[in-house]
Structure formats: C-alpha cells, structure tokens
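One letter stands for each residue in the lines below.
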Amino acid sequence: MPVRRANWLPGIFNDFFGNEWVERQRASSPSMNIIENDKEYKVEMAAPGLTKDDFHIDVHDDDMLTVSVEKKSETQDENKANKYLRREFSYSSFRQSLVLPDGVDRENIKAKMEDGVLCIDIPKIVKTEKKSTKRIEIL
C-alpha cells in the first residue's frame, strides 16, 4: 500500500517553510493547530483521553521536534474459576514530527496539557535593535 503524506498547509506554503514543516507519520495522528504571532509559534494538538504522562516530546539536533504517544490499557472481567469471560486490550500510538523554523529558541520550548489539548509553545529568538555607537571617555 503506498504511503500517503499529509501537509499542514497547502502546497503554496511549502516553499516558505521549507519541505513540509509537519509530516504525519500515521493517518490516526491527532488534529493539530499551528498559530504564529510576533513572539512565538504555538502548536495545539487534540488529545482527548490522554494524559501528559502518555506523551514524549523531543527536540533533536537536526531541528526536528517529535511528539509521540504510546498508550496501553487493559480491562479484565474474570469469574472465580479464572476463565476469561471478557478481556480487552487496547494499544494506541502515534508519532508526529515538525521541522522547527529558523529563529526559534530551542532551549525554551515548553509544553502543557489542558482540557484534552496538548499545547507546545515554541518561542522565537528576540532580535535586538542595533544600538548607536557610544563613545567611552578615557579617564
């Protein structure tokens, strides 16, 4: 079966952000919003039923931010003779990678989980204005 790749923005924006700022690894990856303002990028990822302990967020040396989840759960209903009347296993996982744009402060990326939404704040590097030349008086 061929692999299908999904972009977060239409193709016209790919040139601006480089080759696919977001690459989905699986079609079952959660929905995501990416918001930009003057100070930061904010990534919001829908994660109903998940907790912050289910997530792993890594920033790699190649400016790749990876969000992964692995959730296992098991429900058992047993009778007294230890024969299974019902047994359910559940396993879900996904991995999603984002190429960080130039000019972000990798060291201060923060994440929080709130109301079933994982929020990742990616601050931009603040550019300081050039100061005018200042002459130092020699004493």
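Residues numbered from 1 in each chain as written. Predicted model: local features only at pLDDT ≥ 70, side-chain atom pairs only at ≥ 80, totals over all residues. Heavy atoms only, no water.

A closer look at the overall build of the protein
Argument step 1. Each helix and strand counted, the protein has one helix and eight strands in total.
Argument step 2. Shown N-terminal to C-terminal, the secondary structure of the protein runs as helices and strands in the order α-β-β-β-β-β-β-β-β.
Argument step 3. The buried share among the 139 residues of the protein stands at 27%.
Argument step 4. For the protein, contacts bridging at least 24 residues in sequence account for 48% of all contacts bridging at least 6.
Argument step 5. With an accessible surface of roughly 11100 Å², the protein has 48% of that area assigned to carbon and sulfur atoms. (Helix = DSSP H or I, 4+ residues; strand = E, 2+ residues; numbered from the N terminus. Buried < 20%, exposed > 50% of the residue type's maximum accessible area, 1.4 Å probe, protein only. Contact = heavy atoms within 4.5 Å. Areas by Shrake-Rupley, 256 points an atom, 1.4 Å probe, with all protein chains shown as cover.)

Here we look at the environment of Ser97
Argument step 1. Checked against the element boundaries, Ser97 lands in strand β6 (residues 84–99).
Argument step 2. According to the relative accessible area criterion, Ser97 is buried, its value standing at 10%.
Argument step 3. The sequence separation of Ser97 and Ser68 amounts to 29 residues, and the corresponding C-alpha distance is 8.5 Å.
Argument step 4. A polar side-chain atom of Ser97 sits 3.3 Å from a polar atom in the side chain of Thr66. (Polar contact = N/O pair within 3.5 Å; in protein donor to acceptor, adjacent residues only side chain to side chain.)

A short note on the sheet that holds strand β7 (residues 110–114)
Argument step 1. An order of β2-β3-β8-β7 is seen for the four strands of this open sheet, with the pairing classed as antiparallel. At either end of the open sheet lies a strand with only one pairing partner, and these are β2 (32–36) and β7. The mean inter-strand angle of the sheet, taken between neighbouring strand axes irrespective of direction, is 15°.
Argument step 2. Of the pairings in the sheet, the one linking strand β3 (residues 40–46) to strand β8 (residues 117–123) comprises seven bridges and is antiparallel in character. Bridging from a neighbouring strand, Glu44 pairs with Cys119 of β8. (Pairing = 2+ DSSP bridges. Axes fitted to C-alpha atoms, helices over the stretch in contact; angles between N-to-C directions.)

Re the nonpolar core
Argument step 1. The biggest cluster of nonpolar side chains holds 19 residues, and the ones touching the most others in it are Val43, Met45, Phe55, Leu65, Val67, Ile120 and Ile122.
Argument step 2. In this view, Ile120 contacts Tyr41, Lys42, Val43, Ile57, Leu65, Val67, Ile109, Lys110 and Ala111; residues no more than four positions away in its chain are not counted. (Core = buried A, V, L, I, M, F, W, Y, C linked by side-chain atoms within 4.5 Å.)

Observations concerning the packing of aromatic side chains
Argument step 1. Applying the stated criterion to the full structure yields one aromatic pair.
Argument step 2. Taken together, a centroid distance of 6.4 Å and an interplanar angle of 75° make the contact between Phe55 and Phe94 edge-to-face. Linking Phe55 in strand β4 (residues 55–59) with Phe94 in strand β6, this pair joins segments that are 39 residues apart in sequence. Comparing Phe55 with Phe94, the two get one shared label, buried.
Argument step 3. In this structure, Lys124 packs its charged tip against the face of Tyr41, placed 5.0 Å from the ring centre. (Phe/Tyr/Trp six-rings, centres within 6.5 Å; stacked < 30°, edge-to-face > 60°. Lys NZ or Arg CZ within 6 Å of the ring centre and 35° of its normal.)

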